Amino acid sequence: MLDKADGQIFTGDVRLVHAVGMHARPAVKLTKLAKKFQAQISVRVAGAPEWINAKSVAKIMAMRAAHGSTIEIKAAGSDAEAAVAALVDLIASDFPDGAP
Amino acid sequence: MQGGAAGLAYRGRTASIGFAHGPFVRVDAGSGGERVAGTLVEEALALRNAIDTASGQIADLAASAGGEAAQILEFQVALLEDEDLIEAIFASIGEGSPADVAWRSTLDAHIADYNSAPDDYLKARSSDLADLRDRVMHILRGDQGPRLKIPSGGVVCADDLPPSRFLEIDWSGGGGLALLRGSPTSHVAMLARARGIPMVVQLGAIPDTGTTALLDGEGATLELDPSAEQVRVFEKRRDNHRKSRASARAILRRPTASWRGERIRLLINIQRVEDLEHADAQYADGIGLMRTEFLLSGRSDLPDEETQFQAYDAVLRWAGQRPVTIRTFDAGGDKPVPGFTLDGEPNPFLGVRGLRLCLARPEIFTIQLGALARAAVHGNLKVMFPMVTSADELEAGRKLFADVVQRLQADGIAAMLPELGIMVEVPAAALAVASFKASFFSIGSNDLAQYVLACDRSNGALAPLMDPLHPAVLELIARTADHGRRAAISVSLCGDMAGDPRCLPALLNCGLRELSVNASALAQIKQTIDRLSSGGGVG
């Protein structure tokens, strides 16, 4: 694994306030935003055993994150810090229209 | 009812209201021909090209459809751009699978996963995946020619219909959609409602052949090769629906409903926050019943205070100055919740349910009360307890609530005790209504009728006995309304009766002046009150 080269891993967590949970439209917005970053980004529902690639819409949907659950985010890479901040903001602001 | 020459009639579930009379068009997801696999490289290239072609087709569809349809299709485009998903398929081709087999088996596995989900939303999304699967399969197999041309105004019948096929059909001449399976919460149902195309789902088995069809999205029926008499009756229903809808929409926009000079307050029932998105919800005088059980479903643990607060706060913000009545958890009975309700009760409808259960589980109940106390600061909140039998239960709930408020305030958190009322659904509560120190009463006519008539409302064999207009039920409603009038306490009714035009004259005559119905029934109920007020019948 290459994580030594880029050094630090950034993390964040955020509550999913979207009324229907992580369903189609939020999942599409989240993966679109994640793809704007170079960093490897993973997410999971707090405490879930597996981390999921934030750039895979099929996996994000299958994660079945419910309304009110907490989403953990971690990223490694040159723009990891900005990636975590952007994703936390997208989820916390309930996937506003006009967001990617 | 039907004469010997009558055609066949089938009943399903309503997904979109409206009427269609036209040619019967049976559509099937044709599997196309077999294809011959090439080398590994050729197969990978074939899939790559098919994905690109599919992407382009979907983008064109989205551009021409616009709006909500475009957003729905965006999910399919995102799937085609999902490298994890696509790479797994190419890996499988690399191991020797033909392109179509690799594509199909991967998509099928995802579809099965969605279908195994406990929530209906994810299940409904599996038809988007199936749509994408079939589109790419068609391209891989070379059946790219125009798909079956559907005559304008036809009643399209399919097992299920994916959203992109719906959008490929020309609906400009009307028509309707009859699905053997399908779901009212599917994307295609949303599209049909948005376009005003009648749609009935879950029709079960129906013949493949037929020439003419009548589809009634209101009664959820499909009639094949109807007799002249069937057509006549259908056209009459359609005509009534048209007239009634036009005048109901006009009446809905009037500021208030009144009957014999008295104002009738019309509120709405909501099951979840999204119900407020219904176009007619804005015309309600407030929310007469917000159920909170949705917070308990589709999750492995119980919701914390913050999660609940967000939901209550969202509804209060929507309502502004208008009143919002939130009912505390009504679990138990026919609504079991793992980790909350009791298992193995021999007769759960007469068991530990509603407020009884909440008082037995204060560690869960106080979390909800905490969220409500915080939300109360932000709007016109009223809280009601379900399934109350004696005045002591109301007081026990009030005491618990007051303690929660005090604790929050001691921690410097803004909180207050909202107005407290009860559901009147246990006959004992209706008979002894004066013994309750409640700020308001809301009659839960479904349970009240079930308990007064001793009929399980889910037991179809008892349907003829399960009459909400039975004099005993009306007597209890009238007593409750009468008590409210004398003691100046508001009394509303939030059961199915309130949304049933046939029950309205009786409810108004019982003295009720506040009714709470689903947003979809609001226009019709307001119109019926208007008609009754001007001396007309139920219509």
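Residues numbered from 1 in each chain as written. Chains lettered and ligands numbered in written order. Predicted model: local features only at pLDDT ≥ 70, side-chain atom pairs only at ≥ 80, totals over all residues.

Some words on the overall build of chain A
Short version of the rule: A run of DSSP states H or I qualifies as a helix once it reaches four residues; a run of E qualifies as a strand once it reaches two. Both are numbered from the N-terminal end. Neighbour counting defines burial: a residue surrounded by 20 or more other C-beta atoms within 10 Å of its own C-beta is buried, one with 12 or fewer is exposed, and intermediate counts give partly exposed, using backbone-placed C-beta atoms. Here contacts are defined at the residue level, using C-beta atoms placed from the backbone and a cut-off of 7 Å between them.
A count of helical and extended segments in chain A gives four helices and four strands. Classification of the 100 residues of chain A by burial places 46% in the buried group. Of the contacts made within chain A by residues no fewer than 6 positions apart, 75% connect residues no fewer than 24 positions apart.

Brief notes about the overall build of chain B
For chain B, the count of helices and strands is 17 helices and 17 strands. Sequence-distant contacts, at least 24 apart, represent 67% of the contacts inside chain B between residues at least 6 apart.

Some remarks on helix 4 (residues 80–92) of chain A
All names here are of chain A. Counted only if it meets this: Given the number of residues in a helix, its expected span is that number minus one, multiplied by 1.5 Å. Here the arc refers to the set of directions running from the helix axis out to each C-beta atom.
Between its terminal C-alpha atoms helix 4 stretches 18 Å, which fits the 18 Å expected from 13 residues at 1.5 Å a residue. Along helix 4, the residues that are buried comprise Ala80, Ala83, Val84, Ala86, Leu87, Leu90 and Ile91. All buried residues of helix 4 lie within an arc of 165 degrees about the axis, which places them on one face of the element. Against the buried residues of helix 4 lie strand 1 (9–15), helix 2 (24–34), strand 2 (40–45) and strand 4 (70–76). Asp94 lies just past helix 4 and shows a positive phi near 65 degrees.

Details of the environment of B:Glu95
One can find B:Glu95 in the loop between helix 3 (83–94) and helix 4 (99–115). Looking at B:Glu95, the number of C-beta atoms within 10 Å reads 9, which means it is exposed.

Considerations on the interface of chain A and chain B
Definition in use: When residues are sorted by character, Ala, Val, Leu, Ile, Met, Phe, Trp, Tyr, Cys and Pro go into the nonpolar class, Asp, Glu, Lys and Arg into the charged class, and all the rest, Gly among them, into the polar class.
Across the contact, 19 residues belong to chain A and 22 residues belong to chain B. Counting only elements with at least two residues in the side of chain A that touches chain B, the list comes to helix 2 and helix 3 (57–62) of chain A. A per-element tally of the side of chain A that touches chain B places helix 3 of chain A first, with five residues. Across the side of chain A that touches chain B, the residue classes break down as 10 nonpolar, five polar and four charged.

A short note on the pairing of strand 4 of chain A
Residues and elements named next belong to chain A. Put simply, the test is: Two strands make a pair as long as DSSP finds a minimum of two bridges between them.
With five of seven residues buried, strand 4 lies mostly within the body of the structure. As paired elements, strand 1 and strand 4 share seven bridges and run antiparallel to each other. In the sheet register, Asp13 faces strand 4, and the bridge partner there is Glu72. Bridge analysis of strand 2 against strand 4 gives six bridges, and the strand direction is antiparallel. Of the residues in strand 4, the one forming a bridge with Arg44 is Glu72.

Here we look at the pairing of strand 7 (residues 212–216) of chain B
All names here are of chain B. Burial within strand 7 is extensive, with four of its five residues counted as buried. Here five bridges tie strand 3 (residues 19–26) to strand 7, and the two strands are oriented antiparallel to one another. Residue Pro23 lies in a different strand from strand 7, and its bridge partner there is Thr212. As paired elements, strand 7 and strand 8 (residues 221–224) share four bridges and run antiparallel to each other. When the bridges of strand 8 are listed, Leu214 appears paired with Glu223. Between the end of strand 7 and the start of strand 8, which pair antiparallel, lie four residues, with Ala220 showing a positive phi angle near 60 degrees.

Here we look at the confidence of the model for chain B
Residues and elements named next belong to chain B. Cut-off, in case you're wondering: Note on scores: pLDDT gives the predictor's confidence for each residue, bounded by 0 and 100.
When pLDDT is averaged along chain B, the result is 87, and 94% of the positions lie at 70 or above. Within the model, the stretch residues 1–5 combines pLDDT values under 50 with three contacts to residues more than four positions away or in other chains. Per the prediction output, this complex has pTM 0.56; the corresponding ipTM is 0.86.

Digging into the sheet that holds strand 5 (residues 176–179) of chain B
Residue and element names in this part refer to chain B. To keep it simple, the criterion reads: Fitting a line to C-alpha atoms yields each axis, with helices limited to the stretch in contact; the angle taken between N-to-C directions then spans 0 to 180 degrees.
Pairing is mixed across the open sheet formed by eight strands, whose spatial order is 1-8-7-3-4-5-6-2. With one partner strand each, in any of the chains shown, strand 1 (8–11) and strand 2 (13–16) form the two edges of the open sheet. The sheet shows a mean angle of 25 degrees between the axes of neighbouring strands, taken without regard to direction. Across two bridges, strand 5 lies against strand 6 (residues 199–201) in parallel orientation. Counterpart to Ala178 in the pairing with strand 6 is Val200. Strand contacts of helix 8 (residues 228–252): strand 3, strand 7 and strand 8, with the helix running at about 35 degrees to strand 7, the strand carrying the most contacts.

Here's the deal with the environment of B:Leu515
Residues and elements named next belong to chain B. Mapped onto the elements of the fold, Leu515 is located in strand 17 (residues 514–518). Under the C-beta neighbour-count criterion, Leu515 is labelled buried, with 30 such atoms within 10 Å. With 251 residues separating them along the chain, Leu515 and Ile264 place their C-alpha atoms 7.7 Å apart. When near neighbours in sequence (up to four residues on either side) are disregarded, Leu515 contacts Ile264, Leu266, Ser492, Leu493, Ala498, Leu507 and Ile525.

Focus on the sheet that holds strand 4 of chain A
All names here are of chain A. One open sheet accounts for four strands, arranged 1-4-2-3; its pairing is antiparallel. Single-partner strands in this sheet number two, and they are strand 1 and strand 3 (52–53). Against the sheet, helix 4 contacts strand 1, strand 2 and strand 4, and its axis sits at roughly 5 degrees relative to strand 1.

Overview of unusual backbone geometry
Residues and elements named next belong to chain A. If you check the backbone angles, Asp94 has positive phi at about 65 degrees while not being a glycine. One can find Asp94 in the segment after helix 4. One non-glycine residue, Phe95, lies in positive phi territory at about 50 degrees. Turning to its location among the elements, Phe95 is positioned in the segment after helix 4.

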